[in-house]
Each structure stands twice: as C-alpha cells, then as structure tokens.
Amino acid sequence: MDETRRRAYLEAMDISLWQPRFAASPTSSTPAVMPAAAPASAVIMEQSVESTVIHPAPAPIVEVIPPAPMIETAAPVIAAPDWNTLIARVSACRACGLCEQRTQTVFGSGKRDAALMFIGEAPGAEEDQTGEPFVGRAGKLLTAIVRAMGLEREQIYIANVVKCRPPDNRNPHPDEIAACAEYLREQVALIQPRMMLALGGVAGQSLLHTTETVGALRGRWFTFGETKIPLRVTYHPAYLLRSPNQKVKVWNDLVAVLERMNVQS
Ligand code: SF4
C-alpha cells in the first residue's frame, strides 16, 4: 500500500501521526503478508470515524509500554479439524442457551490461512442478521484499523469467542463462553495464525482465562494455549466509538503487533 493511501486510511480512523520509531531498510525484504513500514505513534483526533474533517495534529503522544513476560494459557491440546465439518457443527450447535434467539450463527470470515487473527467477544444485531462478524459502525472502524495497518480485511481472519448473539447485546456468560470455546480453538488450529489480537476485555479474558481488565491486559504479550501463538489484547472497536481518545492506545498495540510480525518474517 502506498504511503498516501495508508495515511488516508489513518485519517479515516481519526489518527494522525507522526514520528516513526523505526523505518524499513531499503535493502530489507518485504514480508509476505505484513507491510514493510508502519507508523509507531499516533495522535487521536476529535472527530468520529465518519468525519472527513481533519484537524492539524498536536505534538505526538508516545506511550511507553514496559516489556512484560510471556504468559502461558491453559487451553487443551487441539485435535485436527476440517473446515466443512467445523462450519456445519457450529451452524447446528445448540450447546448453550444463545441458540434460542439467534437468527443464525456467525462463524467468522477472512483468509483461512491468515497470518493475523482478530477475535471479538460475540455477534451483535447486525452480525446476527448478516452472518458476518464485525459489520455496522464498529465493523467499519475495524476495517479502518486494519487498513491503517496496511492490510485489507480479506487478509486477516476475524472471529468471535461465541458464535451466537447474546440477547440485547449483553456480554456472553462464562458458561456460554465455555460451551463455545472448542469451536474457537479448532478455528485457530485450522488457521494457524502467526499472531492473534483479542478485541476487548471479554475476548481477552476468555482467551487467557483471567479476570484482569482489558486495561491491565493490553500492552503485554501472551501466548494462546498449547499453540504458543503470540497474543495481544486491545480495546474493542465499539469501545473506541464511545471513547475515541483511546485510539492512540489501540494504535500502539497494533504497531507492536506489526513490529513483531515484521521481525519474525
Ligand atoms: Fe453453540 Fe456457541 Fe452458539 Fe452456544 S454460542 S449455541 S456453544 S455455537
């Protein structure tokens, strides 16, 4: 993606930067999936994601995130699944009460061998109607975020912790998350992403089996279960719509992911 287009997407996300902490070497090889260069700090602007009016950016805000040890999770060993069987099982699932009011299950979407996997908490009303994860306003912001990373949505895989919409968009209950957990583990086993990003506290807590808040979880590296896939936690796009001043933290999380993926490529 050229620089002009990338900046346009960042502006669409209401993020303006910018002083990169690093620059891609002109002699370095370009990663297969991830962009060669990514901005390293951001300044959040006042407008909503739909706004097209961009204010001049004030001085860059640089958030210093201390290094943290890798934390292991306790997911069980994953059996080798196959896509069609898994999709059919999810579609027919009635393992928890969320099946009662769903229009349809929301399995997930994206590249089946994506290097990067995003995981949210649960489908909302529009997702329940369309069968696609992250549509609506939060979905549009997520698309802007992905594009700001130099990627398209089709290059990543997006799924939720639970595959059916909780009534009134409440958080899924622990028993519902537990009932649905194997499906997500099997999705991860099929995709085998190089990195995972949990969107929001519910997703982060579910994947890491913790009660720590998203504010406490973000800024640190974890691994997911037996797979040892590096996992990061950041805020949910729906939260960013309510609290746009938190976008800078999300952007810092994304930069950390990009930097690590570039290092590993
Ligand atoms: Fe099955 Fe998951 Fe839907 Fe519950 S949320 S009915 S476990 S697919």
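Residues numbered from 1 in each chain as written. Predicted model: local features only at pLDDT ≥ 70, side-chain atom pairs only at ≥ 80, totals over all residues. Heavy atoms only, no water.

In the annotation of an unreviewed UniProt entry, the entry for the protein reads Type-4 uracil-DNA glycosylase, and the organism field reads Chromatium okenii. Per its UniProt entry, the protein bears the Catalytic activity (unreviewed entry) comment "Hydrolyzes single-stranded DNA or mismatched double-stranded DNA and polynucleotides, releasing free uracil." (UniProt positions renumbered as here; feature names shortened; annotations may be inferred.)

(A) Examining helix 6 (residues 201-208) more closely. Within helix 6, seven of the eight residues are buried, leaving the element largely enclosed by the surrounding structure. Those residues of helix 6 that are buried lie in contact with strand 4 (116-120), helix 5 (174-191), strand 6 (195-199), helix 7 (214-217), strand 7 (222-224) and strand 8 (229-234). Residue histidine 209 follows helix 6 closely and has a positive phi angle near 55 degrees. (Buried < 20%, exposed > 50% of the residue type's maximum accessible area, 1.4 Å probe, protein only. Helix = DSSP H or I, 4+ residues; strand = E, 2+ residues; numbered from the N terminus. Contact = heavy atoms within 4.5 Å.)

(B) Molecular detail of the pattern of salt bridges. Across all of its chains, the model carries eight salt bridges by this definition. For the salt bridge of glutamate 212 with arginine 220, the shortest nitrogen-to-oxygen distance reads 2.9 Å. For arginine 220, a relative accessible area of 17% corresponds to the buried category. Among the salt bridges present, the one from arginine 218 reaches aspartate 253, with a minimum N-O distance of 2.9 Å. Placement of arginine 218 in the loop between helix 7 and strand 7 and of aspartate 253 in helix 9 (residues 247-264) is noted, with a sequence separation of 35 residues between them. The pair formed by arginine 218 and aspartate 253 is uniform in burial state, with each residue classed as buried. (Salt bridge = Lys/Arg side-chain N within 4 Å of Asp/Glu carboxyl O.)

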